[in-house]
Amino acid sequence: MRVLIDVFVALHIIGIAALLGGFLTQMKAMGAGTARFVPGMLHGALTMLVTGIALVGLDQADDHPVNNVKIGIKLLILVVILGIVYVKRDEEKVEKGLFAAVGGLTVVNIFIATLWT
């Protein structure tokens, strides 16, 4: 079971890397007002959602304690990110504030995951 959990953790990290990497590659364009949500950002957010749900289920099945408040907050933030990216995915340009909000929420989610014990 531990190996399976570790595989899903790795896939979850790949998802966050795709989401954050997509944001970081568009930062210069954000300054010019031409930033857009690249497909990798949507795929990364979806990967995080699926692997996060799987991780919660696997942890509970393996009798590991799960902090439901932390998971709920992380899920809420991810659903907001996913909603914004999904709705605006076909637009050639996204407003700076909205694009920055997705990046900020992504970083907040990372800090919640790593610092909240």
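The following refers to the structure shown. (Residues numbered from 1 in each chain as written. Predicted model: local features only at pLDDT ≥ 70, side-chain atom pairs only at ≥ 80, totals over all residues. Heavy atoms only, no water.)

## Quick word on the environment of Ile81
Piece 1. Secondary-structure assignment places Ile81 in helix H4 (residues 68-88).
Piece 2. Residue classification places Ile81 among the buried residues on the basis of a relative accessible area of 1%.
Piece 3. For the pair Ile81 and Pro39, spaced 42 residues apart in the sequence, the C-alpha separation amounts to 14 Å.
Piece 4. Not counting the four nearest positions on each side in its chain, Ile81 is found in contact with Leu19, Val102, Leu105 and Thr106. (Helix = DSSP H or I, 4+ residues; strand = E, 2+ residues; numbered from the N terminus. Buried < 20%, exposed > 50% of the residue type's maximum accessible area, 1.4 Å probe, protein only. Contact = heavy atoms within 4.5 Å.)

## Describing helix H5 (residues 96-115)
Piece 1. Here H5 spans 28 Å end to end across 20 residues, near enough to the 28 Å set by a 1.5 Å rise per residue.
Piece 2. Among all positions in H5, only Phe99, Val102, Gly103, Thr106, Asn109 and Ile112 are buried. (Expected span 1.5 Å × (residues − 1).)

## Looking at the packing of H4 against H5
Piece 1. H5 packs onto H4 with a crossing angle of 155° between their chain directions and a minimal axis gap of 10 Å. Between H4 and H5, the angle falls in the class roughly antiparallel. With respect to the hand of their crossing, H4 and H5 are arranged in left-handed fashion. The residues of H5 that touch H4, namely those facing Lys70, Ile73, Lys74, Ile77, Leu78, Val80, Ile81, Ile84, Val85 and Lys88, are Leu98, Val102, Leu105, Thr106, Val108, Asn109, Ile112 and Ala113. (Axes fitted to C-alpha atoms, helices over the stretch in contact; angles between N-to-C directions. Parallel < 35°, antiparallel > 145°, perpendicular 65-115°, else oblique. Left-handed = near helix turned anticlockwise from the far one by under 90°.)

## With respect to the packing of aromatic side chains
Aromatic ring pairs: the centre-centre distance and the angle between the two ring planes describe each pair.
Piece 1. Tallying each qualifying case throughout the model produces two aromatic pairs.
Piece 2. Relative to Phe99, the ring of Phe23 has its centre 5.1 Å away and its plane inclined at 25°; by these criteria the two rings are stacked. With Phe23 in helix H1 (residues 2-25) and Phe99 in helix H5, this residue pair connects regions lying 76 residues apart in the sequence. Just as Phe23 is buried, Phe99 falls in that class too.
Piece 3. Here Arg89 stacks its cationic end above the ring of Tyr86, 4.0 Å away from the centre of that ring. (Phe/Tyr/Trp six-rings, centres within 6.5 Å; stacked < 30°, edge-to-face > 60°. Lys NZ or Arg CZ within 6 Å of the ring centre and 35° of its normal.)

## A closer look at the pattern of salt bridges
Piece 1. Per the stated rule, a full pass over the model turns up two salt bridges.
Piece 2. In this structure, Asp6 and Arg2 form a salt bridge, with 3.2 Å as the shortest nitrogen-oxygen distance. Residue Asp6 and its partner Arg2 are both found in helix H1; the two are separated by four residues, about one turn of the helix.
Piece 3. Given a relative accessible area of 41%, Asp6 falls into the partly exposed group.
Piece 4. In this structure Arg2 comes out as partly exposed when scored by relative accessible area, which is 44%. (Salt bridge = Lys/Arg side-chain N within 4 Å of Asp/Glu carboxyl O.)

## So, H4
Piece 1. For H4, which comprises 21 residues, the first-to-last C-alpha distance of 30 Å matches the rise-based estimate of 30 Å (1.5 Å per residue) to within 8%.
Piece 2. When we look at burial in H4, the residues that qualify are Lys70, Lys74, Ile77, Leu78, Ile81, Leu82, Ile84, Val85 and Lys88. Down the axis of H4, the buried side of the element spans an arc of 165°, and every buried residue falls inside it. The exposed set on the far side of H4, more than 90 degrees from its buried face, consists of Asn68, Val69, Leu76 and Val87.
Piece 3. Close packing links the buried residues of H4 with H1, helix H3 (39-61) and H5.
Piece 4. Where H4 starts, the residue carrying a side-chain oxygen 3.2 Å from the main-chain nitrogen of Val69 turns out to be Asn67. (Arc of directions from axis to C-beta. Polar contact = N/O pair within 3.5 Å; in protein donor to acceptor, adjacent residues only side chain to side chain.)

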